[in-house]
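Chains, contacts and geometry: an overview
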Amino acid sequence: MIKVSNLSFSYGKGTPLLSGINLEFDQRSTAIIGQNGAGKTTFVKLLKGLLKADEGEVTIQDRDIKTETAAELAKTIGLVFQNPNDQIFKRSVLDEVMFGPLNIKLDKARAREYAFQALKMVELDDKLESNPHDLSLSEKKLLCIASIVAMDPDIIILDEPTIAQDHSGKEKIRQIIKTLKDRNKLVMTIIHDMDFVAENFERTIVFNEGRVLLDGDTRQVFSQKEMLEKANVEPPGITQLAEKLGFKDTILTVEEFINMK
Amino acid sequence: MKKIIVEGLKYKYPLAEALALNDVTFHVEQGEFIGIIGKNSAGKSTLCQALVGLVPHFYKGAYGGKVIVDGLEVKNRSIADISLKVGMVFQNPFSQVTGSKMTVYEEIAFGLENIGIPRSEIIDRIDSVLNLLKIEQVKNHNPFDLSGGQMQRMAIASIIAMKPEILVLDEPTSQLDPAGSEEVFQAIQSLSKQGITVILAEHKMEKVAQYCDRVLLLNDGKIVDFATPEKIFSREDLEEQGISAPVYTRVCKALGVKKTGTDEYPVTLEDAEKALRGRVV
């Protein structure tokens, strides 16, 4: 769905923040992990066309994004920002979520319907008239997901979706990701919660100092202890416990641990 | 010495129908590291704000009971008075930044200037917190150009620079990567070992288990329990409280393996490894 070739980027004239990135994305749900400052957010902004690459190219569904406007791209790829306050600006929850669909030229009735469906999915459909700024941080994060889902893009990128979520909030997000996957969307996320990665994402890409250090099936990536250490990334807690106890296989979830023993 | 005394605290936000805090009573000794856990809207942030006086002085609303921090009764003192004793790091660093300063350095100076610290000491304190939180390299950047993680470090630095005797932190590492969040926890732990009393609202249960002396479990504005991490995370009704125990506890619970010689489950990686060694594989 996405092909990235030899992508490089720098802010201003400094040393490149990203260099020589080559990646292809298929339908597998994908987690992008790595330290703060490794270039994860910059990378997804490049995919979304919010930043322009110094070198290299990105094609989405065989279209070169350089030749597309941000508005055209919005129909295909959506990015949920890390900080909801950067994204929210309307006076009511429903208006906020309708904004995207209206902007990609859906008529009002359909925009409303899509917005309502998306709000239902994140369980904010009882707050249609609330002011988004009166919501809690965790609700704002869900609202921002709904705003993107309402545009029905094929690719949805979530930047740190689990921040501020409690146990049930995380369950909600797990369910949202699953639903999107079932609808054949490519779901990508930038995330620091390794347990959540292990439980929910098929593919994991590790960024380190502006390059791709590891890329593969999540289990295979979390089995490479030394490479992860180099990127300053810790495997999930359960994976570490199993490893310490001498399990031969890489364990990703509590269920696997219990079944393996 | 009791550093924090909360007695029968009840609080309702203006326009709200339900109590955000309902008859909350607990005491904290000097130098203790306390974790506050509970599902969203259980009252964690409200309780943090009640310790620094934003509840009730800023939010208004209906208030009953008593909060005494380091001998000051919050209700009868101004936020300015209380801020000399208690510092609070906000959940969203974005809401904490003043917006009136052009560099990280000046942003951290803001609180210190406000309480009239001499210039030379301000400089010393800023240098030391920049170092502690590892943000020297961005000291001349505009606060709004920082990444989420850097902004969060700055938010913590600007409070630690005030040298409060009580430090209240509301999910202080939500934007940080695992290595960064570990660093911040160690920095907080070292302050706690120097005698600073720490109150931390947190969703990362593994961190609460590893660092906190005692854990306060809230639900619907009420205290459910206040005990050691082992005791709290061994509770059978945790899921009903909206809490998922650390992964190490969950796996030991599923296998029925307790800490040797106790009736409690392990809560950290080390303890789980000890308990499970020889029992599995």
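Residue positions are given per chain, counting from 1 as you read along its sequence in written order. Chain A is the first chain written and ligand 1 is the first ligand written, with later ones labelled in order. In keeping with the predicted nature of the model, local features appear solely for residues at pLDDT of at least 70, side-chain atom pairs appear and are counted solely at 80 or more, and the whole-chain, interface and lining totals rest on all residues.

**Focus on the overall build of chain A**
Here is the rule: Each helix is a run of H or I in the DSSP string that is no shorter than four residues. Each strand is a run of E no shorter than two, and both are numbered from the N terminus. Every radius of gyration here is taken over C-alpha atoms, with the globule rule written as 2.2 Å times N^0.38, N being the number of residues. Buried residues are those with 20 or more other C-beta atoms within 10 Å of their own C-beta, exposed residues have 12 or fewer, and partly exposed residues lie in between; C-beta atoms are placed from the backbone. Here, residues touch in the contact sense if the C-beta positions derived from the backbone fall within 7 Å of one another.
Along the backbone of chain A there are 11 helices and 10 strands. Compactness check: chain A gives a C-alpha radius of gyration of 19 Å against a globular reference of 18 Å for 261 residues, within 12% of the reference. Its C-alpha atoms put chain A at 60 × 45 × 30 Å along the principal axes. Out of the 261 residues in chain A, the part that is buried amounts to 49%. Across chain A, every contact between residues at least 6 apart in sequence was considered, and the portion connecting residues at least 24 apart equals 63%.

**What about the overall build of chain B?**
When its secondary structure is counted, chain B shows 12 helices and 10 strands. Taking 19 Å as the expected radius of gyration for a compact globule of 281 residues, we find that chain B reaches 19 Å, a close match to that expectation. Once the C-alpha set of chain B is aligned to its principal axes, its extents read approximately 60 × 45 × 35 Å. Going through the 281 residues of chain B one by one, you find that 51% of them count as buried. Relative to all contacts within chain B whose residues are 6 or more apart in sequence, the contacts with residues 24 or more apart total 63%.

**Quick notes on the sheet that holds strand β1 (residues 2-9) of chain A**
Backbone-to-backbone hydrogen bonds pair the strands of a sheet. The strands run either parallel or antiparallel. Residues and elements named next belong to chain A. Worth spelling out the cut-off: A pair of strands is labelled paired if DSSP reports no fewer than 2 bridges between them. With axes taken as lines fitted to C-alpha atoms, and helix axes fitted only over the stretch in contact, angles between N-to-C directions fall between 0 and 180 degrees.
Taken together, the four strands give an open sheet; going across it, the order is β2-β1-β4-β5, and neighbouring strands pair in antiparallel fashion. With partners counted over all chains shown, the strands left at the sheet margins are β2 (18-25) and β5 (63-64), one partner each. Where β1 and strand β4 (residues 55-60) come together, five bridges link them in antiparallel fashion. Bridge assignment links K3 to a residue of β4, and that residue is T59. Each of β1, β2 and β4 is contacted by helix α1 (residues 40-47), which is oriented at about 120 degrees to β1, the strand it contacts most.

**What about helix α5 (residues 137-149) of chain A?**
Structural remark: α-helix, 3.6 residues per turn; residues separated by three or four positions point the same way. What counts here: One fewer than the residue count of a helix, multiplied by 1.5 Å, yields its expected span.
Helix length check: α5 of chain A (13 residues) gives 19 Å between terminal C-alpha atoms against 18 Å at 1.5 Å per residue, within 8%. A large share of α5 of chain A lies buried, amounting to 13 of its 13 residues.

**Thoughts on the pairing of strand β9 (residues 203-208) of chain A**
Each regular strand displays side chains that alternate between the two surfaces of the sheet. Residues and elements named next belong to chain A. With five of six residues buried, β9 is to be regarded as a mostly interior element. Summarising the sheet, strand β3 (residues 30-33) and β9 pair through four bridges and their orientation is parallel. Paired with T30 across the strands is R203, a residue of β9. Alignment of β9 against strand β10 (residues 211-217), held across six bridges, turns out to be antiparallel.

**A closer look at unusual backbone geometry**
Put simply, V55 of chain B and P56 of chain B share a cis peptide bond, and its omega is 5 degrees. With respect to the helices and strands, the residue P56 of chain B is situated in helix α2 (residues 54-57). Even without being glycine, N6 of chain A reaches a positive phi, approximately 45 degrees. Of note, N6 of chain A is situated in strand β1. Of note, S41 of chain B is a non-glycine position whose phi angle comes to about 65 degrees, a positive value. Tracing the backbone shows S41 of chain B in the loop between β3 (33-37) and α1 (44-52).

**Structural notes on the packing of helix α10 (residues 237-244) of chain A against helix α11 (residues 247-255) of chain B**
Quick reminder of the rule: Each angle gets one of four labels, with under 35 degrees taken as roughly parallel, over 145 as roughly antiparallel, 65 to 115 as roughly perpendicular, and the rest as oblique. With the far helix as reference, a near helix turned anticlockwise by less than a right angle produces a left-handed crossing, and one turned clockwise produces a right-handed crossing. Classes in brief: Ala, Val, Leu, Ile, Met, Phe, Trp, Tyr, Cys and Pro nonpolar; Asp, Glu, Lys and Arg charged; the others, Gly included, polar.
At a closest axis distance of 9 Å, the pairing of α10 of chain A and α11 of chain B adopts a crossing angle of 60 degrees. By the angle class used here, α10 of chain A and α11 of chain B are oblique. Between α10 of chain A and α11 of chain B lies a crossing whose hand is right-handed. Residues G237, I238 and L241 of chain A of α10 of chain A pack against V247, Y248 and V251 of chain B of α11 of chain B. Of the residues that constitute the contact of α10 of chain A with α11 of chain B, the class distribution is five nonpolar, one polar and no charged.

**Some points on the pairing of strand β1 (residues 2-12) of chain B**
Residue and element names in this part refer to chain B. Pairing of β1 with strand β2 (residues 21-29), which is carried by six bridges, proceeds in the antiparallel orientation. Along β2, the bridge assignment pairs V6 with F26. Where β1 meets strand β4 (residues 62-69), seven bridges bridge the pair, whose relative direction is antiparallel. The partner of Y11 across the bridge, within β4, is Y63.

**Concerning the domain arrangement of chain B**
All names here are of chain B. The condition is simple: How far each domain reaches was decided by an automatic or database domain assignment.
For chain B, the assigned domains read domain 1 (1-85 + 164-230), domain 2 (103-161) and domain 3 (246-281). In this structure, domain 1 and domain 3 have C-alpha centres spaced 29 Å apart. With six residues of domain 1 at the interface, the matching set in domain 3 holds six residues. At the level of elements, α9 (205-211) and α10 (229-233) are the ones that each hand at least two residues to the side of domain 1 that touches domain 3. Residue contributions to the side of domain 1 that touches domain 3 peak at four residues, all from α9. Here the side of domain 1 that touches domain 3 is composed, by residue class, of three nonpolar, one polar and two charged.

**What about the interface of chain B and chain A?**
Each partner contributes to the interface: chain B provides 35 residues, whereas chain A provides 33 residues. When contributions to the side of chain B that touches chain A are tallied by element, the ones reaching two or more residues are α7 (148-160), α8 (178-193), α11 and α12 (269-276) of chain B. In terms of residue class, the side of chain B that touches chain A is made up of 15 nonpolar, 13 polar and seven charged.

**What to know about the confidence of the model for chain B**
Note the threshold: Note on scores: pLDDT gives the predictor's confidence for each residue, bounded by 0 and 100.
On average, residues of chain B score 94 in pLDDT, and 99% of them are at 70 or above. Here the prediction assigns the complex a pTM of 0.89, and the interface score ipTM is 0.85.

**A closer look at α7 of chain B**
The first and last C-alpha atoms of α7 of chain B sit 19 Å apart over 13 residues, in line with the 18 Å expected at 1.5 Å per residue. The buried fraction of α7 of chain B is high, at 13 of 13 residues.

**Topic: the packing of α10 of chain A against α12 of chain B**
Contact geometry of α10 of chain A with α12 of chain B gives a least axis separation of 10 Å together with a crossing angle of 40 degrees. One element, α10 of chain A, and the other, α12 of chain B, form an angle in the oblique class. Our pair here, α10 of chain A against α12 of chain B, has a crossing hand that is right-handed. Contacts from G237, Q240, L241 and K244 of chain A of α10 of chain A reach α12 of chain B at L269, A272 and E273 of chain B. In terms of residue class, the contact of α10 of chain A with α12 of chain B is built from three nonpolar, two polar and two charged.

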